[in-house]
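Overview (structure and organization)
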Amino acid sequence: MQICTDKPKGTLYHFHFLGAITKKVPGTFFGSCIITGMDVNYISQKERKMTQIKEARKGNITAIMKKVAEEECLPVGEVLALVAEGKVVIPSNPNHFPIHHVGIGKKLRTKVNVNIGTSMDFPKLENEVKKAEIAVKYKADTIMDLSTGGDIKKIRNSILDKARIPLGTVPIYETAIKAIEQRGAIVDIREDDIFGMIENQAKEGVDFITVHAGLTLKAIDRLKNQGRVADIVSRGGAFHLAWMLHNQKENPLYAGFDRLLEIALKYDLTLSLGDGLRPGAIADSTDRPQIEELLTLGELVKHAREQNVQVMVEGPGHIPLDEIAMNIKIQKRVCQEAPFYVLGPLVTDIAPGYDHIVSAVGGAIAASEGADFLCYVTPAEHLGLPSVDDVREGLIASRIAAHAADIVKSVKGAREKDLKLSEARKKLDWDAQLEMVLDPHKFKEIRKKRKSKSDACSMCGDFCALRIVSEFLNSEGKLDECGF
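The model shown is predicted, which means the values in this text are computed figures rather than measured ones.

**Description of the overall build of the protein chain**
In terms of helices and strands, the protein chain carries 19 helices and 14 strands. The buried share among the 484 residues of the protein chain stands at 54%. About 22,400 Å² of surface is accessible on the protein chain, with carbon and sulfur atoms providing 54% of the total.

**A word on the environment of His-382**
Mapping His-382 onto the fold places it in the loop between strand S14 (373-375) and helix H15 (388-408). Counting along the chain gives 30 residues from His-382 to Pro-352, while the straight-line C-alpha distance between them is 6.4 Å. Residue contacts for His-382: discarding those within four places in its chain leaves His-318, Leu-346 and Asp-355.

**Considering the side chain of His-212**
When you line up the elements, His-212 lands in the loop between strand S10 (208-211) and helix H8 (217-226). There is a polar contact of 3.4 Å between the side chain of His-212 and the side chain of Ser-234. Dropping the residues within four chain positions of it, His-212 is found in contact with Val-170, Ser-234, Gly-236, Gly-237, His-240, Asn-251, Leu-253, Gly-274, Asp-275 and Gly-276.

**Side note on the layout of surface pockets**
Estimates place the volume of the second largest pocket at around 950 Å³. For the second largest pocket, the lining is made up of 37 residues, of which Asn-115, Leu-146, Arg-235, Arg-278 and Glu-381 are closest to its centre. At the level of secondary structure, the elements contributing two or more residues to the lining of the second largest pocket comprise strand S7 (111-116), helix H9 (235-247), strand S12 (311-315) and strand S13 (340-343). Its residues assigned to classes, the lining of the second largest pocket comprises 17 nonpolar, 15 polar and five charged.

**Describing the sheet that holds S7**
In a beta sheet, neighbouring strands pair by backbone hydrogen bonds and run either parallel or antiparallel. Spatially, eight strands are ordered S7-S8-S9-S10-S11-S12-S13-S14 in a closed barrel, and the strand pairing comes out parallel. Neighbour-to-neighbour, the strand axes of the sheet open up by a mean angle of 25 degrees, direction not taken into account. As judged from the three bridges shared by S7 and S14, these two strands associate in the parallel manner. Each residue of the ladder has a partner; that of Val-112, found in S14, is Leu-374. Its contacts with the sheet put helix H5 (residues 152-162) on S7, strand S8 (142-145) and strand S9 (167-169), and the angle it makes with S8 is roughly 170 degrees.

**Some details on the environment of Leu-245**
Structurally, Leu-245 can be placed in helix H9. Note: C-alpha distance between Leu-245 and Val-187 (58 residues apart in sequence) is 8.9 Å.

**With respect to the pairing of S10**
Two faces make up the sheet, and in a regular strand the side chains alternate between them. Burial along S10 is two-sided: the face carrying Phe-208 and Thr-210 and the face carrying Ile-209 and Val-211 are both buried. Here S9 runs beside S10; their pairing, made up of two bridges, is parallel. Considered in S10, the bridge of Gly-168 is made with Phe-208.

**Topic: the packing of helix H14 (residues 355-368) against H15**
At a closest axis distance of 8 Å, the pairing of H14 and H15 adopts a crossing angle of 25 degrees. Regarding the angle of H14 to H15, the classification is roughly parallel. Crossing of H14 over H15 shows right-handed handedness. Contact residues: H14 offers His-356, Ala-360, Gly-363, Ala-364, Ala-367 and Ser-368, while H15 offers Glu-393, Gly-394, Ala-397, Ala-401, Ala-405 and Val-408. Per-class residue counts for the contact of H14 with H15 are seven nonpolar, four polar and one charged.

**Observations concerning unusual backbone geometry**
The amide bond that connects Phe-97 to the next residue, Pro-98, takes the cis arrangement and shows omega of -5 degrees. In this structure, Pro-98 sits in the loop between strand S5 (88-89) and strand S6 (104-105). Cis peptide bonds are those with omega within 30 degrees of zero, and the linkage from Gly-344 to Pro-345 qualifies with -5 degrees. Its identity is not glycine, yet Cys-73 carries a phi of approximately 60 degrees, on the positive side. Looking at where Cys-73 falls in the secondary structure, it is placed in the loop between helix H2 (63-72) and helix H3 (76-85). Even without being a glycine, Lys-107 presents a positive backbone phi close to 70 degrees.

**Describing the confidence of the model for the protein chain**
Here the protein chain averages 89 in pLDDT, while 88% of its residues score no lower than 70. Confidence drops under a pLDDT of 50 for residues 1-42, and excluding neighbours within four residues, the segment shows 91 contacts in the predicted structure. This stretch, residues 479-484, has a pLDDT under 50; its non-local contacts, to residues over four places away or in other chains, come to eight contacts.

**A look at helix H6 (residues 171-183)**
In this model, H6 (13 residues) spans 18 Å end to end at C-alpha, consistent with the 18 Å of a helix rising 1.5 Å per residue. Inspection of H6 places Pro-171, Ile-172, Tyr-173, Glu-174, Thr-175, Ala-176, Ile-177 and Ala-179 among the buried residues, and these make up the whole buried set. In this fold, the buried residues of H6 make contact with H5, S9, helix H7 (191-204), S10 and H9. At the exit of H6 stands Gly-184, carrying a positive phi of roughly 100 degrees.

**Observations concerning the side chain of Ser-92**
Here Ser-92 is to be found in the loop between S5 and S6. Overall, the relative accessible area of 5% leaves Ser-92 in the buried class. Within polar-contact distance, the side chain of Ser-92 engages the side chain of His-101 at 3.2 Å. What Ser-92 contacts, discounting residues up to four positions off in sequence, is Ile-64, His-101, Asp-207, Tyr-267 and Asp-268.

**What to know about the pattern of salt bridges**
Summed over all chains, the structure comprises 29 salt bridges. Note that Lys-302 is salt-bridged to Glu-306, the shortest N-O span being 2.8 Å. A residue pair is termed a helical-turn pair when its members lie 3 or 4 positions apart in one helix, as Lys-302 and Glu-306 do in helix H12 (residues 288-306) at four residues. Owing to a relative accessible area of 48%, Lys-302 belongs among the partly exposed residues under this scheme. The partly exposed category is assigned to Glu-306, whose relative accessible area is 46%. Here Asp-439 and Arg-392 are joined by a salt bridge, their closest N and O atoms 2.6 Å apart. Of this pair, Asp-439 sits in the loop between helix H17 (430-436) and helix H18 (440-449) while Arg-392 sits in helix H15, placing them 47 residues apart in sequence. Among the residues examined, Arg-392 registers a relative accessible area of 9% and is labelled buried.

What counts and how
- Residues numbered from 1 in each chain as written.
- Predicted model: local features only at pLDDT ≥ 70, side-chain atom pairs only at ≥ 80, totals over all residues.
- Heavy atoms only, no water.
- Helix = DSSP H or I, 4+ residues; strand = E, 2+ residues; numbered from the N terminus.
- Buried < 20%, exposed > 50% of the residue type's maximum accessible area, 1.4 Å probe, protein only.
- Areas by Shrake-Rupley, 256 points an atom, 1.4 Å probe, with all protein chains shown as cover.
- Contact = heavy atoms within 4.5 Å.
- Polar contact = N/O pair within 3.5 Å; in protein donor to acceptor, adjacent residues only side chain to side chain.
- 1 Å grid on protein atoms, 1.4 Å probe; cavity = no way out; pocket = protein on both sides within 12 Å on 5 of 7 lines; lining within 4 Å.
- Points joined across faces, edges and corners; volume = space filled by probe spheres on them.
- Nonpolar A, V, L, I, M, F, W, Y, C, P; charged D, E, K, R; others polar.
- Pairing = 2+ DSSP bridges.
- Axes fitted to C-alpha atoms, helices over the stretch in contact; angles between N-to-C directions.
- Parallel < 35°, antiparallel > 145°, perpendicular 65-115°, else oblique.
- Left-handed = near helix turned anticlockwise from the far one by under 90°.
- pLDDT = per-residue confidence, 0-100.
- Expected span 1.5 Å × (residues − 1).
- Salt bridge = Lys/Arg side-chain N within 4 Å of Asp/Glu carboxyl O.

Dropping the structure here:
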């Protein structure tokens, strides 16, 4: 295999095979050579100093855009145009490499994010590293580290090193914890603490961050007047609300949005505008506080794009089935088709322990209606910190939802995957099926425990419809020469 032989002698190369190995070859720094499997990306020093949206608006096709276009089976010019318009984002902090780049947005495959991270009750680093490994193994597109316990910086950097996919964080979490340690309370956060933490995490290589910049004093007034059942369920939203009401000041991320944009521009940090007022109960769905925040986010999207900063928008939340399509259409309209990142949505409140299924139901509808990015939900949602197994279950459920939506959205290659699986199933080719299923682990486990004496599965055995019919029809689906 020839690797970057046209690049300057003495280049520092970064080799990455299947998310497992990183090898640095000493030499003068000119750029980095990224390999995922057998794919090679060369990112020059020049490209490491620019933002994707800025270059797209100049008409410059970057190596990262080429990679995304190849993976999405789209013309690179189309990807460039979508990035330039802000309808596609590519979270790609140049300080995080090697990395498998993904595009999120219009005309692209629906992406899935996995949340991991410690809590005060379960602060162990090794658990979160295992979760990150599972997320990569079962093909999450991105990871968010939401740690609030233990050595948060060490945990984040370990995940950055282990998981060579885009990493997101919510910087207000670590900011709040440091304020408690240093000054005794979240409400004693200083505005410089917030922006300093954002820049520190960007320096480390974080690719995208959730910022609750749309939670304003006006939105809090709406919340007070609304009389919600669940008030605020966003942890970051709660931190901001407490600070704003105690200090009687506007949200620093809203008031200082230009300062935030300066940091984002410096590191090509993608902003994920958080939904601090997302409904946390079906009874609160699509209410005035939620829409008030969304209107502000639409304004911030416009301003971020004007400053060449990549931006996407986060959405609800607990939403009944019949309101999902409406919510997607409102967001796309208000936020000028910015990529939409949805948590679920969860379509009922009464299924703790099965909320990964609840989320998948809502996620499939949301993505089929135009949502671009699904945040998985695990069986442990509303009950406790997820285990490694919970991460796998939640991720697979969300990937099912994403793929089901991609079939509806006519994403290139989606229907073809189902066709190949169906053809292998018709032939009772279990090895071929294993290569294509979303969860090979469960596939093999069930086959091993419930295997048939026949070549079919143990549900039907010798009475398998596919097996019987194949004896009477030829491979083209016609009657055989005997007329059967």
